[in-house]
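Each chain, written out:
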Amino acid sequence: MTRHMRIRLAASCATAALALFALVTAPSATAAPTDPTDLSVSQAGNYPTESNRDGSFSVTWRSEGAQDITGLTRLTVELPPGITTQGALMYSTPYDYTFTETVSPDGRRLTAWYYGTMVPGRSHFMKVKVTAAGTGKPSGEIRATVANVSDLDTRNNVSTVTLGGSGGSPAIPPEPVVTGMDTRTGPGTGGTVVTITGRNLDDGFVDFGHDKATGSCTSTGCVVTTPPGWGVTPVDVATPGGGASAGDFTYGEPEPTPPPEPELSRLSTRGGPAAGGTGLQVAGKHLDRGVLMVGGKPAAHSSCGPEFCTGQSPAGTGTVDVTVDAPGGESAPGPSLTFTYDPAPGPTPAH
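Being a predicted model, the structure only gives us computed values, none of them experimental. Numbering of residues starts from 1 in every chain and runs along the sequence as written. Residue-level local features of this predicted model are given only where pLDDT is at least 70; pairs of side-chain atoms are given and counted only at 80 or more, and the full residue set underlies all totals for whole chains, interfaces and linings. Note that water and hydrogens are dropped before the side-chain values are worked out from all heavy atoms of the structure.

1. Overview of the sheet that holds strand β6 (residues 109–115)
Hydrogen bonding along the main chain pairs the strands of a sheet, whether they run parallel or antiparallel. For clarity, the cut-off: Each pair of strands is called paired provided DSSP finds at least two bridges between the two strands. Secondary structure elements are defined from DSSP: runs of H or I of at least 4 residues count as helices, runs of E of at least 2 residues count as strands, and each element is numbered from the N terminus. Geometry is summarised by axes, namely lines fitted to C-alpha atoms with helices restricted to the contacting stretch, and by angles between N-to-C directions that run from 0 to 180 degrees.
Taken together, the 5 strands give an open sheet; going across it, the order is β5-β6-β3-β8-β9, and neighbouring strands pair in antiparallel fashion. Here the strands that pair on one side only, and so sit at the sheet edges, are β5 (98–103) and β9 (158–162). If you compare each strand with its neighbour and ignore which way they point, the axes differ by 10° on average. Direction of pairing for β5 relative to β6: antiparallel, over a ladder of 6 bridges. Opposite Thr 98, over in β6, you have Tyr 115 as the bridge partner.

What follows is the structure, given as structure tokens:
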């Protein structure tokens, strides 16, 4: 098991504990928690009209609290009858994330998956193009949702717009509750069918250590197939109403084939103050789901896409290697991939 896998397992365990804590301590909708791990979604743009059958609107999500939000985030867009989409375009830069999407066969539901770090105050958005069929006045509600297992304040997780009208009333989805999971072991190659029971699980997805399982959820249960994995992995169900822990799943033999080793080709900044906080960007390949490392320490706000990572240097001294610890291992150091901390100022001479 690579060091990155151990880091991910530790982070996943912390995320699972945070999600379980949220189920026990999350306040009611009338009392906002202090600086919560809070994810929001909104939408705006040009929607179809009677004279213009084509429309385009943005779906925006961001961390509203005081903490980064990491791991897997799911966005959905549900369209009313007569309105369809062929997909969305992701516009957020830099490309320090992984983004995928699918559209239902009838063109009325878009599901997008974002994996990266959302720093408070930085927005991410995708542009959704839609078309209205027929010749009448387009009508109905467009509904956008966001879900991440770490989200503690779910009052801003649903955004609705009525065609020909305005935004709908805020919808507060119910918290998911897990009561059982029937299978807790399986091969590392994945493929184990797992049934999770509970309530308020509809419109949910199941997360095995931040890797989504294939399958679907109803209000009372989820039937999914495990992704590949290593060791003891936390399992969570995430819905627009928040996250619920299902406990742990233990992966055994045979282990999955490791992905390719990460490679770095460029480092943007070669030095900065000993206190840390210098913005860093690295380019390379096989970096997705990695952690940017500076002198063996994780960079602050680290976020990686397939070919690009960003972060901020931690505090340190001397000249240190900059690497990326990804699922395929840790990238090799190199002479052009080092960061030098400014020497500490000496004492002020006496006069």
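2. Thoughts on the packing of aromatic side chains
Defined as follows: Here the aromatic set is Phe, Tyr and Trp, taking the six-membered ring for Trp, and pairing holds for ring centres within 6.5 Å; pairs whose planes are under 30 degrees apart are stacked, those over 60 apart are edge-to-face, and all others are tilted. Whether a charge sits over a ring comes down to the Lys NZ or Arg CZ being within 6 Å of the ring centre and within 35 degrees of the ring normal.
This model, assessed by the stated rule, comprises 9 aromatic pairs. A ring pair is formed by Tyr 91 and Phe 125, whose centres lie 5.9 Å apart and whose planes are at 15°; its orientation type is stacked. With Tyr 91 in the loop between β4 (83–90) and β5 and Phe 125 in strand β7 (residues 123–132), this residue pair connects regions lying 34 residues apart in the sequence. What links up through ring pairs into an aromatic cluster is the set Trp 61, Tyr 95, Tyr 97 and Tyr 114. Here Lys 212 stacks its cationic end above the ring of Trp 113, 4.8 Å away from the centre of that ring. Over the ring of Tyr 115 we find Arg 289; its NZ or CZ atom is 4.0 Å from the centre of that ring.

3. Structural notes on the side chain of Ser 40
Keep this limit in mind: Two N or O atoms count as a polar contact when they lie within 3.5 Å, although within protein this holds only if one can serve as hydrogen donor and the other as acceptor, and sequence-adjacent residues are included solely when both atoms are side-chain atoms. We call two residues in contact whenever any of their non-hydrogen atoms come within 4.5 Å of each other.
Position of Ser 40 relative to the elements: it lies in strand β1 (residues 39–46). Among the polar contacts listed, one links the side chain of Ser 40 to the side chain of Glu 64, at a separation of 2.7 Å. Discounting residues that sit within four places of it in the chain, Ser 40 has contacts with Thr 60, Trp 61, Arg 62, Glu 64, Val 146 and Asn 156.

4. Quick word on the nonpolar core
The line we're drawing: As used here, the term nonpolar core means buried Ala, Val, Leu, Ile, Met, Phe, Trp, Tyr and Cys residues forming a set that is joined through side-chain atoms within 4.5 Å. Exposure categories follow from relative accessible area, calculated using a 1.4 Å probe and restricted to protein chains: below 20% of the type maximum is buried, above 50% is exposed, and the middle band is partly exposed.
Counting 28 residues, the largest nonpolar core has Phe 57, Val 59, Trp 61, Leu 75, Val 77, Met 126 and Val 128 as the members making the most contacts within it. Contacts of Phe 57, omitting those with residues within four sequence positions, involve Gln 43, Ala 44, Gly 45, Asn 46, Tyr 47, Val 77, Leu 79, Met 126, Lys 127, Val 128, Val 130 and Ile 142.

5. Considering a nonpolar patch on the surface
In plain terms, the rule: Exposure above 30% relative accessible area and no salt bridge define the residues that can form patches, which grow by joining like charges within 9 Å and nonpolar side chains of Val, Leu, Ile, Met, Phe, Trp and Tyr within 5 Å. Accessible surface area values rest on a Shrake-Rupley calculation with a 1.4 Å probe, where residue burial reflects the displayed protein chains alone. Each reported salt bridge corresponds to a side-chain nitrogen of Lys or Arg within 4 Å of a carboxyl oxygen of Asp or Glu.
A cluster of nonpolar side chains, contributed by Leu 89, Tyr 91 and Phe 125, occupies part of the molecular surface with about 280 Å² of accessible area. The class for Phe 125 is partly exposed, based on a relative accessible area of 31%.

6. Focus: the pattern of salt bridges
Enumeration over the complete set of coordinates arrives at 10 salt bridges. Here Arg 122 makes a salt bridge to Asp 96, at a shortest N to O gap of 3.3 Å. Note that Arg 122 is positioned in the loop between β6 and β7 and Asp 96 in the loop between β4 and β5, a separation of 26 residues in sequence. Taking relative accessible area as the criterion, Arg 122 reaches 21% and is therefore assigned partly exposed. We classify Asp 96 as buried; its relative accessible area is 0%. Arg 109 is the partner of Asp 203 in a salt bridge, and the nearest nitrogen-oxygen pair spans 3.0 Å.

7. Details of unusual backbone geometry
In the segment running from Thr 93 into Pro 94, the intervening peptide bond is cis, with an omega of 0°. Its location among the elements puts Pro 94 in the loop between β4 and β5. For His 286, which is not glycine, the phi torsion reads 60° and is therefore positive. According to the relative accessible area criterion, His 286 is partly exposed, its value standing at 31%. Of note in this structure, Arg 289 is not a glycine but carries a positive phi near 65°.

Read these as geometric descriptors, not functional statements.
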